[in-house]
Amino acid sequence: NQENQGPSVARNVGIENAHSEWITFIDADDKVSLNYLEELYDVAANVDLVCAGYYEQNIQNPKGIALHDFSDFLNQETIDSEIFIGEIFNGVTGVLWSKLFKNQVIKENSLRLDSSLKLSEDLLFVLQYAKKINKIKLVSSPIYYYNRLHENGLSSQYNLAYIENFKHLIERVLEEFPDDEKAKVNDILRKRYFNFLIKMMKQDP
């Protein structure tokens, strides 16, 4: 219980007070299946990250569409961190939810959410975490419900405040990649940035 300082600060408090072997994150407006933790934990041996499928719920599909960002790799069950990082800008790979993180990895590497970022701060955290591990286990089942039913476009004022923050995010993410990969990653991030600007301009004033 604390004064509202945003999701990153709240999550960091949770991390600092967590004494369990594993940590999972669930957004306030989402929900999970009854066996969510069981399915993640049952395959967690000998890996440092577990990643599951999810249902995306939106106005067109209120019951949800079953998705998995690693559909092409499900037959392998376990993938290397290089594959995971290569997909981190696709789908929702770079979000905290629908995953199981090893507490020891987080603590030993002093990983925390960057509270100065107000946009895609979880992407940076997931990327930094993935760089510290080797193997990721994939759960094919869609056991997380990503709620976009009440998603509203951000106001113009809100979006404008986030433009500089998005630029800062790009800088922070690029720091995590070697020089020979920065150009490719920068192209991907710039496309996301311009898509964000287009979405902003389409909002009603």
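Before going into details, it helps to say that this report is about the structure given with it.

Calculation criteria
Residues numbered from 1 in each chain as written. Predicted model: local features only at pLDDT ≥ 70, side-chain atom pairs only at ≥ 80, totals over all residues. Heavy atoms only, no water. Salt bridge = Lys/Arg side-chain N within 4 Å of Asp/Glu carboxyl O. Helix = DSSP H or I, 4+ residues; strand = E, 2+ residues; numbered from the N terminus. 1 Å grid on protein atoms, 1.4 Å probe; cavity = no way out; pocket = protein on both sides within 12 Å on 5 of 7 lines; lining within 4 Å. Points joined across faces, edges and corners; volume = space filled by probe spheres on them. Nonpolar A, V, L, I, M, F, W, Y, C, P; charged D, E, K, R; others polar. Phe/Tyr/Trp six-rings, centres within 6.5 Å; stacked < 30°, edge-to-face > 60°. Pairing = 2+ DSSP bridges.

A short note on the pattern of salt bridges
Next up, step 1: Evaluation of the coordinates by the stated rule reveals 10 salt bridges.
Next up, step 2: Between Glu-77 and Lys-137 there is a salt bridge; the shortest N-O distance is 3.6 Å. With Glu-77 in the loop between β4 (65–67) and β5 (78–80) and Lys-137 in strand β7 (residues 135–147), the pair connects residues that are 60 residues apart, well separated along the chain.
Next up, step 3: Where salt bridges share partners, they join Arg-11, Asp-27 and Glu-121 into one cluster.

Focus: the layout of surface pockets
Next up, step 1: When its volume is computed, the second largest pocket comes out at roughly 220 Å³.
Next up, step 2: Breaking the lining of the second largest pocket down by element, the ones donating at least two residues are α3 (81–86) and α7 (179–201).
Next up, step 3: For the lining of the second largest pocket, the element with the most residues is α7, which contributes 4 residues.
Next up, step 4: For the lining of the second largest pocket, the residue count by class is 5 nonpolar, 2 polar and 3 charged.

Let's talk about the packing of aromatic side chains
Next up, step 1: Scanning all chains against the criterion turns up 12 aromatic pairs.
Next up, step 2: Ring geometry for Phe-25 against Phe-125: centres 6.4 Å apart, planes inclined by 75 degrees, an arrangement best described as edge-to-face. Here Phe-125 lies in helix α5 (residues 121–130) and Phe-25 lies in the loop between β1 (22–23) and β2 (31–32), a separation of 100 residues in the sequence.
Next up, step 3: Between Phe-101 and Phe-125 the ring centres are 5.9 Å apart and the planes differ by 70 degrees, which places this aromatic pair in the edge-to-face class. Pair noted here: Phe-101 is in strand β6 (residues 99–102) and Phe-125 is in helix α5, with a separation of 24 residues, a long-range link.

Overview of the pairing of β7
In the case of a regular strand, side chains alternate between the two sheet surfaces.
Next up, step 1: The pairing of β2 with β7 spans 2 bridges and is antiparallel. Of the residues in β7, the one forming a bridge with Lys-31 is Tyr-145.
Next up, step 2: Judged from the 9 bridges that link them, strand β3 (residues 49–57) and β7 form a sheet pairing that is parallel. Paired with Tyr-54 across the two strands is Tyr-144, which belongs to β7.
Next up, step 3: Pairing between β5 and β7: 3 bridges, direction antiparallel.

Take it as geometry only, folks, not as evidence of what the structure does.
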